[in-house]
Each structure stands twice: as structure tokens, then as C-alpha cells.
Amino acid sequence: MKFATKAIAISVVLIAGMAFAGKSTDPDAMARQTLMDTAGMNTKILGDFAGGKVPFDAAAVEAAKAALGDAAGKIAVTFKPQGTDDKSEAKPDIWTNWDDFVAKADGLVKASAALDASTVEGVQAGMGGLGGACKDCHTKYRL
Ligand code: HEC
């Protein structure tokens, strides 16, 4: 149950994040938030499979993993322009610590690539690494 509990905890954090995040009107900030929403949606899909909320479906898991990996790979290019407004939760430290920020984005690329999408146990085992990669960046770079 350890992994399932973790997956559920991650889903709860995600849902809370989505419900309270205000939407920006600045185009650069909007692009970041849209990308993060894609990451959030696909992580939630994986979490639902890991937690047994949805019967295991290898093709759907693989699709969510691919979409998450794709979003992770676009973090650097999408966050590069520092447009901002009062709804953005991006800390200015991102652009003064750019290499570290990109390394954290890369951490998510690696965590999503490492997830074994072929079995429910694989997804469960991979959820901690995913959640850790989100948290690692959010703790430092998200308001
Ligand atoms: C490399 C850094 C980084 C990583 C990795 C990262 N995020 Fe984010 N995320 C951010 C930043 C910065 C923001 C705030 C963006 C803004 O409001 O301008 C954010 C915002 C969000 C939001 C709110 C978007 C909105 O509509 O306001 C969600 C949801 C989210 N992230 C989910 C995730 C999930 C799930 C993961 C892991 C699978 C993840 N993030 C990984 C940096 C990251």
C-alpha cells in the first residue's frame, strides 16, 4: 500500500494546485501554466492507475508517460521568456539560477523516462520519483 498511498497523496496535491492556481493573462506566463497543467493532468492519470482508481490499461499509461515526458522536455524552452504578472507563481530566481532550474526540469525528463509503464507495479514504483521531481522544482521555484 505504500506506493498507492504516495500516488494518492500526489493526486491530492495536484488537485489542490489546480484549484488554487490563478490563471495569468501574460502570454509567457500562460504558456508556462498550460504546459504545467498538461504535466499535472498526465501525472494525475498515472496516479489514478497506480492507486487502482482506474483498471490498468498499458496503452493509456504509455500515452500519459509519453505526454508527461514531452511536457517535461518543453519546460526549458517554455520558461525561457520571463514574462510575468501578478497571477504567475514563478519565482524570479528561475532566471537568476537558470542552469539549476533546467537541471530540475531534466530531473523530471529522467523520472518520467524511468517509469515502467508495462505493469501497475511499475507505475506505482515510478510515482515517487515523479512526485519528487515536481516537488524538487516547486519547492524552490514556485510561489
Ligand atoms: C523545473 C521546474 C518544474 C518542474 C520539474 C515541475 N514544475 Fe510545475 N510549476 C513550475 C513553476 C515555476 C510553476 C509556476 C508557473 C507560473 O505560474 O508562472 C509551476 C506550476 C504548476 C502548476 C500550476 C499551473 C497553473 O495553471 O497555474 C501545476 C498543476 C504544476 N506545476 C504541476 C506539476 C507537476 C505535476 C509536475 C511533475 C510531474 C511539475 N509541475 C513539475 C515549475 C516546475
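Please refer to the structure higher up on the page.
Source: prediction; values computed, not measured.

A.B. asks: Tell me about the site of the ligand, and please be specific about residues and values.
C.D. replies: Around the ligand, 25 residues are found, and the nearest of them are Lys-23, Met-36, Cys-134, Cys-137 and His-138. Gln-33 places a side-chain nitrogen or oxygen 3.0 Å from an oxygen atom of the ligand. Ranked by the residues each element gives to the shell around the ligand, the list is headed by helix 2 (residues 27-50), at 6 residues. Broken down by class, the residue content of the shell around the ligand amounts to 14 nonpolar, 5 polar and 6 charged.

A.B. asks: Account for the coordination of the iron atom of the ligand, with residues named and values stated.
C.D. replies: At the metal site, the iron atom of the ligand is ligated by Met-36 (SD) and His-138 (NE2), and these contacts range over 2.0 to 2.3 Å. If you look at the iron atom of the ligand, its 6 donor atoms make angles of 86 to 179° with each other, and the shape they trace is octahedral. Placement of Met-36 in helix 2 and of His-138 in helix 7 (residues 120-141) is noted, with a sequence separation of 102 residues between them. Of the residues examined, Met-36 reaches a relative accessible area of 28% and is grouped as partly exposed. Overall, the relative accessible area of 30% leaves His-138 in the partly exposed class.

A.B. asks: Tell me about the environment of Glu-121, residues and numbers included.
C.D. replies: Structurally, Glu-121 is set in helix 7. Residue Glu-121 is classed as exposed on the basis of its relative accessible area of 52%. Here the alpha-carbon distance between Glu-121 and Phe-49, two residues 72 residues apart in the chain, equals 9.8 Å.

A.B. asks: Report on helix 2, specifying residues and quantitative values.
C.D. replies: Taking 1.5 Å of rise per residue, 24 residues should cover 34 Å, and helix 2 covers 34 Å from first to last C-alpha, within 8% of that figure. N-capping of helix 2 is provided by Asp-26, with a side-chain oxygen placed 3.0 Å from the backbone N of Asp-28. Gly-52 lies just past helix 2 and shows a positive phi near 75°.

A.B. asks: So what about the packing of helix 2 against helix 3 (residues 58-73)? Which residues, and what values?
C.D. replies: It is at 9 Å that the axes of helix 2 and helix 3 come closest, and there the two elements cross at 150°. Overall, the two elements helix 2 and helix 3 adopt an arrangement that is roughly antiparallel. As helix 2 packs across helix 3, the resulting crossing turns out to be left-handed. Of the residues in helix 3, those touching helix 2 at Leu-35, Thr-38, Ala-39, Asn-42, Thr-43, Ile-45, Leu-46 and Phe-49 are Ala-60, Val-61, Ala-64, Lys-65, Ala-67, Leu-68 and Ala-71. Residue classes in the contact of helix 2 with helix 3 are distributed as 11 nonpolar, 3 polar and 1 charged.

A.B. asks: Explain the packing of aromatic side chains residue by residue, including any values.
C.D. replies: On inspection of all chains with the given rule, the structure shows 4 aromatic pairs. For the ring pair Phe-79 and Phe-101, a centre distance of 5.1 Å and an interplane angle of 45° mean the geometry is tilted. Note that Phe-79 is positioned in helix 4 (residues 75-79) and Phe-101 in helix 6 (residues 98-114), a separation of 22 residues in sequence. The residues Phe-79 and Phe-101 share a single accessibility class, namely buried. The structure contains a cluster of three or more aromatic residues connected by ring pairs, namely Phe-79, Trp-98, Phe-101 and Tyr-141.

What counts, and where the lines are drawn
- Residues numbered from 1 in each chain as written.
- Predicted model: local features only at pLDDT ≥ 70, side-chain atom pairs only at ≥ 80, totals over all residues.
- Heavy atoms only, no water.
- Near = heavy atom within 4 Å.
- Polar contact = N/O pair within 3.5 Å; in protein donor to acceptor, adjacent residues only side chain to side chain.
- Helix = DSSP H or I, 4+ residues; strand = E, 2+ residues; numbered from the N terminus.
- Nonpolar A, V, L, I, M, F, W, Y, C, P; charged D, E, K, R; others polar.
- Donors = N, O, S within 2.8 Å, 3.2 Å for Na, K, Ca; no water.
- Tetrahedral: all angles 85-135°; square planar, octahedral: opposite > 155°, others 65-115°.
- Buried < 20%, exposed > 50% of the residue type's maximum accessible area, 1.4 Å probe, protein only.
- Expected span 1.5 Å × (residues − 1).
- Axes fitted to C-alpha atoms, helices over the stretch in contact; angles between N-to-C directions.
- Parallel < 35°, antiparallel > 145°, perpendicular 65-115°, else oblique.
- Left-handed = near helix turned anticlockwise from the far one by under 90°.
- Contact = heavy atoms within 4.5 Å.
- Phe/Tyr/Trp six-rings, centres within 6.5 Å; stacked < 30°, edge-to-face > 60°.

Note that every value here comes from positions in space, so none of it alone points to a role or purpose.
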